[in-house]
Amino acid sequence: MNPSDPSAPAAASEEGLVWLAGGISLAAWSGLAWNSHTSLAPLGWTLGTIAITWAALGWTLRSSVHPSAPIILGFAIAFRFVTAWATPVMEDDHHRFLWDGYRFATMGDPYATAPQAHFNDETVPPEFRAVLDRINHPEVPTVYGPLTQWAFRLSHALAPAQLWPWKLILFSAEMAILAMLWPVLPARGRLLLAWCPLAIFETGFNVHPDIFALALLIGAWWFGRKSWPLAAGATAGLAIAAKVFALLLVPFVLWRLGRRAWATASAALFALYAPFWLRGSAADLAGLRAMTGEWEFNSSIFALVQAVASREVAQAACALGFALIWLLLFRRWVKHRAPSPALPPGEWIYGAFLLLSATANPWYFLWLWPFVALRMSAAGITALAAVSLAYVTGLNLGDASLGNFEHPWWLRPLEFGSVFLAGLVSYSRRGLTRREVCLAI
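Residues numbered from 1 in each chain as written. Predicted model: local features only at pLDDT ≥ 70, side-chain atom pairs only at ≥ 80, totals over all residues. Heavy atoms only, no water.

A. Quick peek at the overall build of the protein chain. In terms of helices and strands, the protein chain carries 22 helices and zero strands. A compact globule built from 441 residues should have a C-alpha radius of gyration of about 22 Å, and the protein chain, at 22 Å, falls within 12% of that. Its C-alpha atoms give the protein chain principal-axis dimensions of about 75 × 55 × 45 Å. Looking at the 441 residues of the protein chain, the share that counts as buried comes to 51%. Of all intrachain contacts in the protein chain linking residues separated by at least 6 positions in sequence, the fraction that spans at least 24 positions is 75%. Approximately 19800 Å² of the protein chain is accessible, and the part contributed by carbon and sulfur atoms is 67%. (Helix = DSSP H or I, 4+ residues; strand = E, 2+ residues; numbered from the N terminus. Rg over C-alpha atoms; globule rule 2.2 N^0.38 Å. Buried < 20%, exposed > 50% of the residue type's maximum accessible area, 1.4 Å probe, protein only. Contact = heavy atoms within 4.5 Å. Areas by Shrake-Rupley, 256 points an atom, 1.4 Å probe, with all protein chains shown as cover.)

B. Structural context of the pattern of salt bridges. By the definition in use, this model includes five salt bridges. The salt bridge partner of D210 is K243, with a shortest N-O separation of 2.8 Å. Separated by 33 residues along the polypeptide, D210 in helix α10 (residues 210-225) and K243 in the loop between α11 (229-242) and α12 (250-254) bring together distant segments of the chain. Here D210 and K243 have matching classes, each one buried. (Salt bridge = Lys/Arg side-chain N within 4 Å of Asp/Glu carboxyl O.)

C. Layout of the packing of helix α6 (residues 146-158) against helix α7 (residues 164-181). Remark: α6 packs on α7, axes separated minimally by 8 Å, with the N-to-C direction vectors making an angle of 130°. Relative to α7, the element α6 lies oblique. With respect to the hand of their crossing, α6 and α7 are arranged in right-handed fashion. Residue-level contacts link T148, A151, F152, L154, S155 and L158 of α6 to W164, P165, W166 and I169 of α7. Looking at side-chain class alone, the contact of α6 with α7 contains eight nonpolar, two polar and no charged residues. (Axes fitted to C-alpha atoms, helices over the stretch in contact; angles between N-to-C directions. Parallel < 35°, antiparallel > 145°, perpendicular 65-115°, else oblique. Left-handed = near helix turned anticlockwise from the far one by under 90°. Nonpolar A, V, L, I, M, F, W, Y, C, P; charged D, E, K, R; others polar.)

D. Expanded view of the confidence of the model for the protein chain. On average, the protein chain scores 90 in pLDDT, and the residues at 70 or more come to 92%. Every residue in residues 432-441 is under pLDDT 50, and counting partners more than four places away or in other chains gives twelve contacts. (pLDDT = per-residue confidence, 0-100.)

E. Here's a closer look at the side chain of H156. Its place among the elements puts H156 in helix α6. Beyond its immediate stretch of four places on either side in the chain, H156 contacts G101, Y102, A105 and F128.

F. Spatial organisation of helix α16 (residues 311-336). Compared with the 38 Å implied by 1.5 Å per residue over 26 residues, the 37 Å span of α16 between its first and last C-alpha is a close match. Turning to α16, its buried residues number three or more, namely R311, A314, C318, F322, W326, L329, F330, R332 and W333. (Expected span 1.5 Å × (residues − 1).)

G. The packing of aromatic side chains, seen in detail. Throughout the structure, instances matching the rule amount to 36 aromatic pairs. Centre to centre, the rings of W326 and F330 are 5.1 Å apart; their planes meet at 15°, and the pair counts as stacked. Residue W326 and its partner F330 are located together in helix α16, separated by four residues, close to a single helical turn. An identical accessibility class is assigned to W326 and F330; each is buried. Among the aromatic residues, those joined into a ring-pair cluster are F245, F322, Y350, F353, W363, Y364, W367 and F371. The ring of F104 is capped by R153, whose NZ or CZ atom sits 4.8 Å from the centre of that ring. Above the face of the F245 ring, K243 is positioned so that its terminal group lies 4.7 Å from the ring centre. (Phe/Tyr/Trp six-rings, centres within 6.5 Å; stacked < 30°, edge-to-face > 60°. Lys NZ or Arg CZ within 6 Å of the ring centre and 35° of its normal.)

H. Local environment of a nonpolar patch on the surface. There is a patch of nonpolar side chains on the surface, built from L17, L20, I24, I52 and W59 and spanning about 410 Å² of accessible area. Among the secondary structure elements, those contributing two or more residues to the nonpolar patch are α1 (8-38) and α2 (43-62). Looking at which element gives the most residues to the nonpolar patch, the answer is α1, with three residues. In this structure, L17 sits in helix α1. (Patch = residues over 30% accessible without salt bridge, like charges linked within 9 Å, V, L, I, M, F, W, Y side chains within 5 Å.)

I. Region of interest: the nonpolar core. Formed by 130 residues in total, the largest nonpolar core has its most connected members in W195 and L217. At ten residues, the largest contribution of residues to this core is made by α10. Those residues in contact with L217 that lie beyond four places of it in its chain are A239, A246, L249, V250, V253, Y350 and W367. (Core = buried A, V, L, I, M, F, W, Y, C linked by side-chain atoms within 4.5 Å.)

J. Here's a closer look at the packing of α10 against α11. It is at 8 Å that the axes of α10 and α11 come closest, and there the two elements cross at 165°. As judged from the angle between their axes, α10 and α11 are roughly antiparallel. Crossing handedness for the pair α10 and α11: left-handed. Where α10 abuts α11, its residues F212, A213, L216, L217, G219, A220, F223 and G224 lie against A231, A232, T235, A236, L238, A239 and A242.

K. Helix α13 (residues 259-278), seen in detail. For α13, spanning 20 residues, the distance from its first C-alpha to its last is 27 Å, which sits close to the expected 28 Å at 1.5 Å a residue. At L272, α13 shows its maximal kink, close to 35°; a proline, P275, follows between one and four residues later. For α13, the complete set of buried residues consists of A261, A265, A268, L272, Y273, A274 and F276. Where α13 is buried, its residues touch α4 (94-107), α6, α11 and α12. (Bend = angle between axes of the 7 residues up to and from the residue.)

Dropping the structure here:
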């Protein structure tokens, strides 16, 4: 830094703000990680940590500061280093991941039986007996795709009944996303991608596998950007086999890459599903059918429709509504975009999907995360922040008047109303015309 430069003190002050925001966030994540081992992190502590880290990030995003790459990445790695020592908070899905890895390694098919079929199985090792006893919905077969099952199996091979190998896999996926998107992101987008509290909490603490599938989807786009259609197609197929959500965006990624990309995507997908089908297994389809047919959690538009009609009518109406939105967006993608490496409109696709879905778990909103980082919007950032309110349930509140996964009456209006309000305020301030909105899509 040149002392004679009049801008030097201002630059130093701005950099100090970034260090302060990062330090506050690191302290908050460290406190939550410590608390996760002592009292299972009560709701207030968890939401307070998330609020503090969002406030620190939002303060930095709204400033004129342009943090350097070493500062952004240094804190990003520090946050995730802290989470490496944490246990999952207010979530127990990780027991299913450990169980699936064990079943795949020992029996060759994690889909063959539901966990409850092994409650009286005396051959289950003691360390996995404790895992089995904590699996939620043990009557439902696993819903995780074949490639994710292979990742669970790898984690099991490294350390049975331990989470650290799975955390290492997810950390690698996060770093891959950062590496692939870094060149195309503005400084603020890099900051949001690296410091996003939702990604840190749902991946570092609660170890949900969505980042694994999302990294593959971004990888397919990255290979397409490099004009490598075979690699793009194969990676797109792997992404779908990791989590079916990727299917919603794969047509956008592969559209201009030719038939070979589509053929390799199909081949990769078939190669991962075929071994289970040949054993007579439905793979993840059985669990997904149970989930889509029976479950409802944190829904918005779906809940409103179901309030005045049957569940079947709500499912049909929301499915039709999403299909129309998807087709409109795909048509615009095909019609208005010349061949280019542009990242598809994932924030619109997954945003519409989550608004119309019967189940909108907080970690599902990670599918918005990289797209919001590229094309920042008030509504997108608010959605990433507000969705953690979904943890305010009867179980976490200790409220016997509510079901375990039931929300207080005011929760969803606050959660989704804040997203709508953020979008409305942003729209009114920018004064966007209809044409500008279409071009943004």
